[in-house]
Amino acid sequence: MKFSILFCLLLLTVGALMSIRENSDAVVEQKFAFNNYVLSELELVIDELKDFHAERADSSKSTAHYFKARIHYKHIEFFVEHVSPVQAKYQINGALVPKFSEYEEGFIVDPCGFQRVEEILFSGEEIDSVGLENELLDLITVFQELKNAYLSISLSDYLYLEMLQLQLVRIAAMNLNGYDATFTKTNIQEVDENLKSMLEMIKLFRLKFGTKGELKKKFQALNKDIQNAQKFLRKNPNFDTFNRLDFITFHVETINRDLVLLHRTLGLPWSEHKQALHLNSDRLFSNETLNPQFFSIYYSDESNLEKQAALGKLLFYDPILSANNERACSSCHQPDKAFTDGLRTSQAFNQDGFVERNAPTLIDAVYQKAFFYDGKAYQLEQQIRDVVHNEREMGSKLSDVVLKLRKSDEYKALFRAAFTVQKDAGISEYAIQKAITEYEKTLISMNSRFDRYLGGERNSLNQREINGYNLFAGKALCGSCHFFPLFNGTVPPYFMDSEYEILGVPATGENKSLDLDKGRYEVTKVQKQMYAFKTPSIRNCELTGPYMHNGIYTDLKQVLQFYQKGGGEGFKYPVPNQTLPFDSLELSDREQEDIILFLKALTDTSGLAQKPFKLPSFESSPNLNARVWGGKY
Ligand code: HEC
Ligand code: HEC
């Protein structure tokens, strides 16, 4: 556990320092042009908060100051979130639920900052004036600290362009989805403010680089497209009915493309460190943009990846990995069921009953920072060790598997060909884990009808499916946990951590009492994480039933009813610290159906189905050659 905290901390610090490191190659003479804008807006945030503090007894003045402070914050959100991600998430503008922080002592960060101020002002309850004062003073302190820090950093120009792209991801995945502004529901207007600052930044770029040749057109296109996006926002700023899908498809993607073209025309470099998103791509939300290698620990080993994946595929379907040579990974992760097994919970080793949990899909599983429902594995590679060693699953040991595999000349040759960089090229525990992981990285589904719509194919979704997405990301708040575009709990735009939530999933489909699987608590032993589960991907959920960690729901209608009611608390059994809003969602039957229609438009298993193939043979152990492809059961 210690290791994992340290590891996360390291990741986070690297994230924060990545930008500061830019110092070294900064274009010094212009270093203040963009920074000045940020600093002046930051100053305005602080001024508004100070006035707010001074006039906090006057409710109409308080709300006015609150909104103004928000607006100026939204102007520099792209910068603060990038350069100070920890402060942004845990002190300034986190979601309005306790955050299971892996970085802070005690692991839990209660809601604070803007979200808490908003709750105090707008929740309709009596105003907690002491709480308000404390929040305001804390916010002022954080912003002042940021100001001091920003005075002395200077970043390269290209980084500002990348930050604007990342802000577009934030807009599409978080801001439009009710991640913040929970009570005021001013999300759509705030996105308009995000875009205003984008126009300001572009103006500064134009001043700095001029408008010679191609540049003029690039700047014009950007301005025009941002302004068009603003028009779209202003036409319907209603959070519940805003057509976010069309906004993303026809405006966010367009602005992103303009930014990429400008970046290329300016001839500026791109960040070289490994990121989750390839920003120098034509699209912001597509297969090509996501970088599976970012989600892996074996950073340096990038040769022969295809051979490794092909070998991993053999191993995945080969029951040689289990102690009785009868179970393969694919016993429980079957390709024709989107890599699940269709059971409530999976069948245990030696057919001795059932394991505790439902087998999740492996499609797109790579795009996570934690594995298993309780997040006990932090890497896919580690997950493989766990499952091979688990007495209830494969009942074996990687060291035994290595010895077995070494008896096959065919396997030996395959490992030799796939692992050439390692000193100990050949069959090893490392190589087994790496090969299977590389195979898992090929299990990617980003070409569903929904994805094709995002790519501009207007006919690939009908109106009800579009409406379904808009409800999913809007009124039904699903998108505040299942983040667009992966629809799992890995938080965009950096994809550095996967989130856990407490829904109060019941013990049975009758919704009578809480399921007593302790979830994340099993790993952290933190009381507030009791019954928390990692938010899974819902891509391909048409095929992955039964649903939830305990497989209690057999169809998506039941899942929708669970959310409609407000989770466990909504069903009136107590759920400590439920993070899902308790109130009924008040979705009509037709709205629920639309959401399900949208979910079904996320199905894409093209190219992932598998026909049995011949497994490698064992010359000297003929009994092993009786192995069944995909496992006996
Ligand atoms: C006995 C059935 C069974 C076998 C065999 C099995 N799994 Fe699983 N797998 C599960 C179950 C059940 C879970 C969820 C367990 C949990 O969350 O505690 C799971 C979880 C996973 C996850 C985590 C997915 C996520 O999104 O968190 C991955 C990855 C995975 N399995 C890959 C494999 C690989 C690779 C193999 C073979 C080495 C394998 N599994 C063998 C049943 C199985
Ligand atoms: C507060 C965060 C949160 C919200 C809001 C939320 N979900 Fe979930 N969702 C989760 C978590 C966590 C799980 C896994 C729970 C478990 O297995 O115990 C889950 C599971 C699911 C599953 C089952 C996936 C599977 O393969 O078993 C579906 C489908 C789903 N959610 C759809 C939705 C829809 C539709 C909405 C909106 C009506 C929604 N979710 C809102 C966090 C959330």
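Residues numbered from 1 in each chain as written. Chains lettered and ligands numbered in written order. Predicted model: local features only at pLDDT ≥ 70, side-chain atom pairs only at ≥ 80, totals over all residues. Heavy atoms only, no water.

Draft legend 1. The overall build of the protein chain, seen in detail. The secondary structure content of the protein chain amounts to 22 helices and four strands. A compact globule built from 633 residues would reach a C-alpha radius of gyration of about 26 Å, and the protein chain, at 26 Å, matches this within 12%. Oriented by its inertia axes, the alpha-carbon framework of the protein chain measures out at about 80 × 60 × 50 Å. The 633 residues of the protein chain split such that 59% are buried. Here the analysis covers contacts within the protein chain between residues at least 6 apart in sequence; of these, 70% occur between residues at least 24 apart. Looking at the protein chain as shown, the accessible area adds up to about 25700 Å², and 52% of this sits on carbon and sulfur atoms. Each charge class in the protein chain was averaged separately, 72 positive and 84 negative side chains, and the resulting centres sit 5 Å apart. (Helix = DSSP H or I, 4+ residues; strand = E, 2+ residues; numbered from the N terminus. Rg over C-alpha atoms; globule rule 2.2 N^0.38 Å. Buried < 20%, exposed > 50% of the residue type's maximum accessible area, 1.4 Å probe, protein only. Contact = heavy atoms within 4.5 Å. Areas by Shrake-Rupley, 256 points an atom, 1.4 Å probe, with all protein chains shown as cover. Lys, Arg positive; Asp, Glu negative; His and termini not counted. Charge placed at Lys NZ, Arg CZ, Asp CG, Glu CD.)

Draft legend 2. Region of the structure containing the side chain of Arg 357. Position of Arg 357 among the secondary structure elements: in the loop between α12 (329-332) and α13 (380-389). Non-local contacts of Arg 357, meaning those with residues more than four positions away in its chain, are made with Thr 345, Ser 346, Tyr 373, Asp 374, Asp 517, Gly 519, Phe 533 and His 549.

Draft legend 3. The coordination of the iron atom of ligand 2, seen in detail. Within the protein, the atoms that donate to the iron atom of ligand 2 are His 482 (NE2) and Tyr 563 (OH), at distances of 1.9 to 2.1 Å. For the iron atom of ligand 2, the six donor atoms in the first shell make angles of 84 to 179 degrees at the metal, a pattern classed as octahedral. One end of the pair, His 482, is in the loop between α18 (463-473) and β3 (500-501); the other, Tyr 563, is in helix α20 (residues 556-565), and 81 residues separate them in sequence. When its relative accessible area of 10% is taken as the criterion, His 482 is described as buried. (Donors = N, O, S within 2.8 Å, 3.2 Å for Na, K, Ca; no water. Tetrahedral: all angles 85-135°; square planar, octahedral: opposite > 155°, others 65-115°.)

Draft legend 4. The site of ligand 1, seen in detail. By nearness alone, 27 residues border ligand 1, and Cys 329, Cys 332, His 333, Phe 372 and Lys 534 come closest of all. Measuring from an oxygen atom of ligand 1, one finds a side-chain N or O atom of Gln 368 at 2.9 Å. A distance of 2.7 Å is found between an oxygen atom of ligand 1 and a backbone nitrogen or oxygen belonging to Tyr 373. Only α12, α13 and α16 (429-440) provide two or more residues apiece to the shell around ligand 1. No other element matches the four residues that α13 contributes to the shell around ligand 1. Across the shell around ligand 1, the residue classes break down as 16 nonpolar, six polar and five charged. (Near = heavy atom within 4 Å. Polar contact = N/O pair within 3.5 Å; in protein donor to acceptor, adjacent residues only side chain to side chain. Nonpolar A, V, L, I, M, F, W, Y, C, P; charged D, E, K, R; others polar.)

Draft legend 5. The arrangement of the pattern of salt bridges in detail. Tallied over the full model, the rule gives 36 salt bridges. Taking the shortest distance from any N to any O, the salt bridge between Glu 133 and Arg 56 comes out at 3.3 Å. A residue pair is termed long-range when its members are at least 10 positions apart, and Glu 133 in helix α6 (residues 129-151) and Arg 56 in the loop between α2 (31-54) and α3 (59-83) qualify at 77 residues. With relative accessibility at 25%, the residue Glu 133 sits in the partly exposed group. One salt bridge in this structure joins Lys 412 and Asp 409, with 3.7 Å as the shortest N-O distance. Of this pair, Lys 412 and Asp 409 both sit in helix α15 (residues 409-418), separated by three residues, roughly a single helical turn. When its relative accessible area of 47% is taken as the criterion, Asp 409 is described as partly exposed. If you follow the salt bridges from partner to partner, you end up with Arg 70, Lys 74, Glu 77, Asp 180 and Glu 190 in one network. (Salt bridge = Lys/Arg side-chain N within 4 Å of Asp/Glu carboxyl O.)

Draft legend 6. Looking closely at the domain arrangement of the protein chain. Under the domain assignment used here, the protein chain contains domain 1 (1-155), domain 2 (157-285), domain 3 (304-445 + 608-626) and domain 4 (464-600). With centres defined by C-alpha atoms, the gap from domain 2 to domain 3 works out at 41 Å. (Domains from an automatic or database assignment.)

Draft legend 7. Just the confidence of the model for the protein chain, in detail. The share of residues in the protein chain with pLDDT of 70 or more is 92%, and the mean pLDDT across the chain is 91. In the model, residues 1-29 has pLDDT below 50 throughout and makes 37 contacts with residues more than four positions away in sequence or in other chains. (pLDDT = per-residue confidence, 0-100.)

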